[in-house]
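Below are the chains, spelled out letter by letter.
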Amino acid sequence: MDTFEEKVQAMKNMAPEDVQAAVEKLKSICTCPTCPSYNRCAKDGKELLFCTTGKSFMCISDEKSCICPTCPVARDMGLKYTFFCTRGAEKAQRYEHTVWGTKMV
Ligand code: SF4
Ligand code: SF4
C-alpha cells in the first residue's frame, strides 16, 4: 500500500465531520489558484482540490500547465498524477490507468 492508499484508507475510518474538516484544511493549502490553467470561472465557483474532488465543473478545459507537483498536498497525499481539474481526481486516474493497463484475456 502506498501513501495515497493509506490516506484514503485512513479517511474511510474517519467520522463524516472529520473528513469534511480534513477536506477544508486541504482546500486552504491547495495552490491551484496560482496555476496558469486556473481561470476566473473556477475562482468564482470557488473550485479547489481537484485531486480529491475531481474535474472542474465546466470551468477549466485548457491545460496550460499544472503546478500540482509543487503543491504540499501532492507530497503529503503521495499523488502520482496531475491535471486533476481536466483529467479527474487521483483516484479516478489511478483507476483508469489500472483498467487500461489490465490484460484482457
Ligand atoms: S495537488 Fe493540485 S489539485 Fe491537489 S490541492 Fe494541490 S494544487 Fe490543488
Ligand atoms: S489541477 Fe493542476 S492544472 Fe488544474 S488548476 Fe490545479 S494545478 Fe492547475
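That block above? That's the structure.
These numbers were taken from a predicted model, which means no experiment stands behind them. (Residues numbered from 1 in each chain as written. Chains lettered and ligands numbered in written order. Predicted model: local features only at pLDDT ≥ 70, side-chain atom pairs only at ≥ 80, totals over all residues. Heavy atoms only, no water.)

Draft legend 1. Local environment of a nonpolar patch on the surface. Together, Tyr95, Val99 and Trp100 make up an exposed nonpolar region whose accessible area comes to about 430 Å². With respect to the helices, strands and loops of the structure, tryptophan 100 is situated in helix 7 (residues 90-101). On the basis of relative accessibility, which here comes to 74%, the residue tryptophan 100 falls in the exposed class. (Patch = residues over 30% accessible without salt bridge, like charges linked within 9 Å, V, L, I, M, F, W, Y side chains within 5 Å. Areas by Shrake-Rupley, 256 points an atom, 1.4 Å probe, with all protein chains shown as cover. Salt bridge = Lys/Arg side-chain N within 4 Å of Asp/Glu carboxyl O. Helix = DSSP H or I, 4+ residues; strand = E, 2+ residues; numbered from the N terminus. Buried < 20%, exposed > 50% of the residue type's maximum accessible area, 1.4 Å probe, protein only.)

Draft legend 2. Quick look at the environment of serine 65. Turning to its location among the elements, serine 65 is positioned in the loop between helix 4 (50-53) and helix 5 (72-77). The spatial distance from the C-alpha of serine 65 to the C-alpha of glutamate 96 is 21 Å, given a sequence separation of 31 residues. With near-sequence residues (within four places) excluded, serine 65 lies in contact with Cys35, Pro36, Ser37 and Phe83. (Contact = heavy atoms within 4.5 Å.)

Draft legend 3. Structural view of the site of ligand 1. Near ligand 1 the following residues occur: Cys30, Thr31, Cys32, Leu49, Phe50, Cys51, Cys68, Cys71, Val73, Ala74 and Leu79. Of all the secondary-structure elements, those providing two or more residues to the shell around ligand 1 are helix 4 and helix 5. Of the residues in the shell around ligand 1, the class split is 10 nonpolar, 1 polar and no charged. (Near = heavy atom within 4 Å. Nonpolar A, V, L, I, M, F, W, Y, C, P; charged D, E, K, R; others polar.)

Draft legend 4. Geometry of the site of ligand 2. Neighbouring ligand 2 are the residues Cys32, Cys35, Ser37, Phe50, Ser65, Cys66, Ile67, Cys68, Phe83, Phe84 and Cys85. Its residues assigned to classes, the shell around ligand 2 comprises 9 nonpolar, 2 polar and no charged.

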